[in-house]
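# Chain and residue survey
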Amino acid sequence: MDIEYIKNKVNNYETCSIEEIEEIINFIVNTKKKELNINFEFEIVYEDGGKVNSERSIDGLQQLEIGDYPLAEIKGDKELGLEVDPLEERKCFIELILQTFHELRHIKQNNDIIDNPVLNEETLKMTRESIINDSFLGFRNRFNYEESITEIDAIIASLEETALFFKKWGLI
């Protein structure tokens, strides 16, 4: 996909359709897939949030889902001629980019912990946490989610990568 095309879409997200926004997300995922050299399945779904499925595909690949529901609703309302809050649209666009980088970090974590183990202090801590969470069902819940080593790592990575992404396109 042409970089100038994506740059134009990112810089003019407010005039993009949801299909064009999905092209941006696909560009991010495909670029990251090449950078990480990790093969995984990817799908954009009409839901809120994102996830790396705990089950692998038939081919043993990680499965990533990114939900575009909040922004798709806004884009749908705009297409119907309804008034939308431009700040809410901007917030949803940024959150979609953040969510994408967040879940891509989980893909990398799984690769570094399970598929191609990288032995360092960080992955050892994540491995230990994963074993504990898998051994004690309910141990990780919505109350301690943001205290998780893997989640803190994904949050930090998504913030850094989102800032770099927008800086690259001249938005910050």
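Here is a short report on the structure shown in this document.

Cut-offs used in this document
- Residues numbered from 1 in each chain as written.
- Predicted model: local features only at pLDDT ≥ 70, side-chain atom pairs only at ≥ 80, totals over all residues.
- Heavy atoms only, no water.
- Helix = DSSP H or I, 4+ residues; strand = E, 2+ residues; numbered from the N terminus.
- Rg over C-alpha atoms; globule rule 2.2 N^0.38 Å.
- Buried < 20%, exposed > 50% of the residue type's maximum accessible area, 1.4 Å probe, protein only.
- Contact = heavy atoms within 4.5 Å.
- Pairing = 2+ DSSP bridges.
- Axes fitted to C-alpha atoms, helices over the stretch in contact; angles between N-to-C directions.
- Lys, Arg positive; Asp, Glu negative; His and termini not counted.
- Salt bridge = Lys/Arg side-chain N within 4 Å of Asp/Glu carboxyl O.

A word on the overall build of the protein. What the protein contains, in helices and strands, is six helices and three strands. Each helix and strand of the protein, ordered N terminal to C terminal, gives the series α-α-β-β-β-α-α-α-α. Taken over C-alpha atoms, the radius of gyration comes to 17 Å for the protein, in line with the 16 Å a tight globule of 172 residues would show. Along the longest, intermediate and shortest principal axes, the C-alpha atoms of the protein span 50 × 35 × 35 Å. For the protein, with 172 residues in total, the buried portion stands at 38%. Contacts spanning at least 24 positions in sequence make up 54% of the contacts within the protein whose residues lie at least 6 apart.

Glancing now at the sheet that holds strand 1 (residues 40-45). The three strands lie next to each other as 1-3-2, forming an open sheet whose pairing is mixed. Only two strands of the sheet have a single neighbouring strand rather than two, namely strand 1 and strand 2 (48-52). Adjacent strand axes in the sheet meet at a mean angle of 10° when their direction is disregarded. Examined bridge by bridge, strand 1 and strand 3 (residues 62-68) share six bridges and lie parallel to one another. The residue bridging E41 from the neighbouring strand is Q63, located in strand 3. The strands touched by helix 3 (residues 69-79) are strand 1, strand 2 and strand 3; relative to strand 3, the strand with the most contacts, the crossing angle is about 35°.

Residue placement: E65 occurs in strand 3. Among buried charged residues, E65 stands out as having no salt bridge; its nearest opposite-charge side chain is K51, 4.0 Å away. Not counting residues up to four positions away in its chain, the partners in contact with E65 are E43, V45, E47, G50, K51 and N53.

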